[in-house]
Amino acid sequence: MNKKRILSGMRPTGKLHIGHYVGALENWISLQHEYDNFHLIADYHVLTTNLNSDSIYQDSIEMLIDWLAAGLDPKISPMFRQSQIKEHAELHLIFSMLATVNRLERNPTVKDQIRDLHIENVSYGHLGYPVLQAADILLYKGDLVPVGEDQVPHIEITREIARKFNNQYGEVFPEPEPKLTAFARLPGLDGDAKMSKSLGNTILLSDDAETIKTKLRKAVTDPLKVRKNDPGRPEVCLVFSYHKKFSPSEILEIETGCRSGALGCVDCKLKCTSNISSFIAPILEKRKYYEEHLDEVKDILTDGENRAQKVAKITIQEVRDKMRLG
Ligand code: TRP
């Protein structure tokens, strides 16, 4: 039986942080044997919120190195940049006729970005963010898309576009489904709900132990635990939420120690530093290898792009045939 296809994608923002790992990469890695995977570097999507394209290439390479270092296998699954496969642009154009402005204006992620980034005039391309994403997914006929909750509206728009195309021109596309990541989102070091590069509150997958120690030292804990032996409340402490992920075998001991006051925040943070660094150590080692073998990284990209291109070409021909474009 044919394996179902997964299309997973990320915008290249450079080096990844542990929130990316917990929220996405870990899931991708565990799915790579069970499904037929395509891993997309959504470099054109970056332009929706930042017109400066100077660092897009370098950021794409850094992200790819983290994917490889974390354990994605390029022999199994192609990894490629959206901008190198021109069929993305072509399918986006066709899909843009199938998505109404009204529908796109109701998209909650764009609304949030307009609010958070204080965008006064939203560009045509930014409004069309989910249309480009629909082209990413449907060009490869993805059945499943691993995403967090925030991306579900985009998958819904993808399904609507697929349905509309199929009804209008004939059956070409599957209606993809979101494959939700069963993760608790990692909060940022500053206590913000989310780790995010733009907020500068992250621990990178490429941070060494010393850097992690310095970053964690400043992390906010329970404000009521002022002195070392004061009892603390793990449920309001962000360091504890990191422990939940990175210290599973010690979690009970940490929780009781914090509550009783036996475990002070300084020691608790050192334990957290040590567990996160041992988790990162093998990733860091592989990253070093790829940094020293950049040619290999570029070959992986070229190979991925050739493989993706073949599939994209077939789908676009099918689309043109159904549309009788000749
Ligand atoms: N919108 C996604 C994000 O911000 C990135 C992305 C672009 C994507 N194209 C995709 C994700 C296709 C899944 C499938 O995270």
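The model shown is predicted, which means the values in this text are computed figures rather than measured ones. (Residues numbered from 1 in each chain as written. Predicted model: local features only at pLDDT ≥ 70, side-chain atom pairs only at ≥ 80, totals over all residues. Heavy atoms only, no water.)

### Describing the overall build of the chain
How we decide: Only DSSP runs of H or I covering at least 4 residues are called helices, and only runs of E covering at least 2 are called strands; the numbering of each starts at the N terminus. Here the globule rule reads 2.2 Å times residues to the power 0.38, and the radius of gyration is calculated from C-alpha atoms. Here the open area of atoms and residues is found with the Shrake-Rupley method and a 1.4 Å probe, where only the protein chains shown may cover a residue. His is not counted here, nor are the chain ends, while Lys and Arg score as positive and Asp and Glu score as negative. Where a charge sits is defined by one atom per residue type, namely NZ (Lys), CZ (Arg), CG (Asp) or CD (Glu).
A count of helical and extended segments in the chain gives 14 helices and five strands. At 22 Å, the chain has a C-alpha radius of gyration in line with the 20 Å of a compact globule built from 326 residues. If you line up the chain on its principal axes, its C-alpha atoms span 75 × 45 × 40 Å. Here the chain displays about 16400 Å² of accessible surface, and carbon together with sulfur accounts for 52% of that area. Within the chain, one finds 43 positive and 46 negative side-chain charges whose respective centroids are separated by 2 Å.

### Notes on the packing of helix H11 (residues 238-246) against helix H12 (residues 251-260)
The condition that has to hold: The convention used is that axes are lines fitted to C-alpha atoms, helices contributing only their stretch in contact, and that angles between N-to-C directions extend from 0 to 180 degrees. An angle below 35 degrees is read as roughly parallel, one above 145 as roughly antiparallel, one from 65 to 115 as roughly perpendicular, and any other as oblique. Each helix crossing is assigned a hand: it is left-handed if the near helix lies turned anticlockwise from the far helix by less than a right angle, otherwise right-handed if that turn is clockwise. Here, two residues are considered to be in contact whenever any of their heavy atoms come within 4.5 Å of each other. When residue character is reported, Ala, Val, Leu, Ile, Met, Phe, Trp, Tyr, Cys and Pro are called nonpolar, Asp, Glu, Lys and Arg charged, and the others, Gly included, polar.
Orientation of H11 relative to H12, taken along the N-to-C sense of each, is 160°, at an axis distance of 10 Å. Compared by their axis directions, H11 and H12 come out roughly antiparallel. The way H11 lies across H12 gives a crossing that is left-handed. Residues Phe240, His243 and Lys244 of H11 pack against Ile251, Ile254 and Glu255 of H12. Here the contact of H11 with H12 is built from residues that sort into three nonpolar, one polar and two charged.

### Let's talk about the nonpolar core
Inclusion rule: In these notes, a set of buried Ala, Val, Leu, Ile, Met, Phe, Trp, Tyr and Cys residues joined through side-chain atoms within 4.5 Å is what counts as a nonpolar core. Only protein chains enter the accessibility calculation, which uses a 1.4 Å probe. A residue is then buried if its area is under 20% of the maximum for its type, exposed if over 50%, and partly exposed in between. The domain limits used here are those given by an automatic or database domain assignment.
Within the largest apolar cluster, 46 residues are counted, with the highest numbers of intra-cluster contacts made by Ile18, Leu25, Trp67, Ile203, Tyr242 and Ile276. Where this core is concerned, the elements lending two or more residues are helix H1 (18-31), helix H3 (56-70), helix H10 (209-217), H11, H12, helix H13 (265-292) and helix H14 (294-322). In terms of residue count, the dominant contributor to this core is H3 (eight residues). Taken domain by domain, this core gets at least three of its residues from each of domain 1 (5-186 + 294-322) and domain 2 (207-287). Beyond its immediate sequence surroundings of up to four residues, isoleucine 203 is in contact with His17, Ile18, Leu189, Met195, Ile212, Lys215, Leu216, Tyr242, Ile276 and Ile280.

### Description of the domain arrangement of the chain
Threshold: Accessible surface is computed with a 1.4 Å probe, and the buried area is the amount of it that two parts give up when combined, taken over both parts together. Put simply, a salt bridge is a Lys or Arg side-chain nitrogen that is within 4 Å of an Asp or Glu carboxyl oxygen. Side-chain atoms alone can form a polar contact between residues adjacent in sequence; in general such a contact is a pair of N or O atoms within 3.5 Å, and within protein one must be able to donate a hydrogen while the other accepts it.
On domain assignment, one finds that the chain holds domain 1 (5-186 + 294-322) and domain 2 (207-287). Distance between the C-alpha centres of domain 1 and domain 2: 34 Å. The interface of domain 1 with domain 2 comprises 13 residues on the first partner and 10 residues on the second. In total, about 950 Å² of surface goes out of reach between domain 1 and domain 2, with carbon and sulfur atoms giving 69% of it. The largest contributions to the domain 1 side of the interface with domain 2 come from Ile18, Ala69 and Leu186, which together make up 49% of the buried area. Here domain 1 and domain 2 share three salt bridges between them. Among the salt bridges present, the one from glutamate 26 reaches lysine 245, with a minimum N-O distance of 2.9 Å. Taken together, domain 1 and domain 2 are joined by four residue pairs in polar contact (both at pLDDT 80 or more).

### What to know about the packing of aromatic side chains
Just so we agree on the cut-off: Working definition: a ring pair exists when centres of Phe, Tyr or Trp rings (six-membered ring for Trp) sit within 6.5 Å. Plane angles under 30 degrees give stacked, over 60 give edge-to-face, the rest tilted.
Evaluated as defined, the whole model comprises 10 aromatic pairs. Between phenylalanine 80 and tyrosine 140, the ring centres sit 5.1 Å apart and the planes meet at 55°, which makes this aromatic pair tilted. One end of the pair, phenylalanine 80, is in strand E3 (residues 79-81); the other, tyrosine 140, is in the loop between helix H8 (129-139) and strand E4 (144-147), with 60 residues separating them in the sequence. What makes tyrosine 140 buried here is its relative accessible area of 0%. Clustering of aromatic rings is evident, with ring pairs tying together Phe95, Phe165, Tyr169 and Phe173.

### Quick look at the site of the ligand
For clarity, the threshold we go by: Put simply, a residue is near a molecule or strand once any heavy atom of it comes within 4 Å of that molecule or strand.
Surrounding the ligand, one finds Leu7, Gly9, Arg11, Leu40, Ala42, His45, Tyr129, Gln133, Asp136, Ile137, Val145 and Gln151. At 3.2 Å, a side-chain N or O of arginine 11 approaches an oxygen atom of the ligand. With respect to the ligand, the side chain of glutamine 133 contributes an N or O atom lying 3.0 Å from a nitrogen atom. A per-element tally of the shell around the ligand places H8 first, with four residues. The residue inventory of the shell around the ligand, partitioned by class, reads six nonpolar, four polar and two charged.

### Overview of the pattern of salt bridges
This model, assessed by the stated rule, comprises 22 salt bridges. In this structure, the salt-bridge partner of arginine 307 is aspartate 303, at a minimum N-O distance of 3.1 Å. In this pair, arginine 307 and aspartate 303 both sit in helix H14, four residues apart, roughly one turn of the helix. The exposure class of aspartate 303 is partly exposed, given its relative accessible area of 36%. One connected set of salt bridges, linked through shared partners, spans Glu62, Asp66, Arg287 and Glu291.

### So, the state of the cysteines
Applied cut-off: Cysteine sulfur pairs qualify as disulfides if the two atoms are within 2.5 Å.
Tallied over the full model, the rule gives zero disulfides. Unpaired in terms of disulfides, cysteine 237 finds its nearest cysteine sulfur in cysteine 268, a separation of 6.1 Å.

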